[in-house]
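# A look at the structure
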Amino acid sequence: SVLLQKRAQRIDAKERRVEDEKNRLMAIERSIVMAEKKLAEMQSIASRQREVAEGVARVEEFEKQRKHREELLRDREMKLMHEEMRVLKAKAEAVELRDTLDRQRIE
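Cut-off values and rules
Residues numbered from 1 in each chain as written. Predicted model: local features only at pLDDT ≥ 70, side-chain atom pairs only at ≥ 80, totals over all residues. Heavy atoms only, no water. Helix = DSSP H or I, 4+ residues; strand = E, 2+ residues; numbered from the N terminus. Rg over C-alpha atoms; globule rule 2.2 N^0.38 Å. Buried < 20%, exposed > 50% of the residue type's maximum accessible area, 1.4 Å probe, protein only. Areas by Shrake-Rupley, 256 points an atom, 1.4 Å probe, with all protein chains shown as cover. Lys, Arg positive; Asp, Glu negative; His and termini not counted. Charge placed at Lys NZ, Arg CZ, Asp CG, Glu CD. Patch = residues over 30% accessible without salt bridge, like charges linked within 9 Å, V, L, I, M, F, W, Y side chains within 5 Å. Salt bridge = Lys/Arg side-chain N within 4 Å of Asp/Glu carboxyl O.

## A few points about the overall build of the protein
On a plain count of helices and strands, the protein comes out with 1 helix and 0 strands. The globule rule puts the C-alpha radius of gyration for 107 residues at 13 Å, and the 46 Å found for the protein is more than 25% above it. Oriented by its inertia axes, the alpha-carbon framework of the protein measures out at about 155 × 10 × 5 Å. Looking at the protein as a whole, 1% of its 107 residues are labelled buried. For the protein, the exposed surface amounts to about 10,500 Å²; the carbon and sulfur share of it is 59%. Each charge sign in the protein was given a centre, from 27 positive and 24 negative side chains, and these centres are 11 Å apart.

## Looking at a positive patch on the surface
Taken together, the side chains of Lys-6, Arg-7, Arg-10, Lys-14, Arg-16 and Arg-17 define a basic patch exposed on the protein surface. Among the structural elements, Lys-14 can be located in helix H1 (residues 2-106).

## A closer look at the pattern of salt bridges
For the structure shown, the criterion picks out 8 salt bridges. Close ionic contact of Glu-19 with Lys-22 constitutes a salt bridge, the shortest N to O distance being 3.8 Å. On the criterion of helical spacing, the pair formed by Glu-19 and Lys-22 is a turn pair, its members being 3 residues apart in helix H1. We classify Glu-19 as partly exposed; its relative accessible area is 37%. With a shortest N-O distance of 3.8 Å, Glu-41 and Lys-38 are connected by a salt bridge. Of the two residues, Glu-41 and Lys-38 are both situated in helix H1; the distance of 3 residues between them amounts to about one turn of the helix.

## Observations regarding the environment of His-68
The residue His-68 is located in helix H1 in this model. Taking the relative accessible area as the measure of exposure, His-68 reaches 45% and is therefore partly exposed.

## A few points about a nonpolar patch on the surface
A surface patch of nonpolar side chains, amounting to about 250 Å² of accessible area, comprises Leu-25, Ile-28 and Ile-32. By the secondary structure assignment, Leu-25 is in helix H1.

Below, the structure is given as structure tokens:
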């Protein structure tokens, strides 16, 4: 009876150790699953951050090109204004020359 009782205690102790080990392994498995979820979440965040960075780079490039086009347009406008001034000056000189010729004819 004492031998049976000791044997039963050893079996109980072994079962408890097996159960403890099973619980420990299940806890490890849960932590692995959580780590995998966290990794997937971080990868998703990194992917979104890359997309945002690419979008920002596209916007910056677009802005750079827009500013360049604006500069070209301003340059063209300045050239046009200079050309208009030359035309107006030439017209004024022509009117002055015509007036001078008219006065000379009258005299």
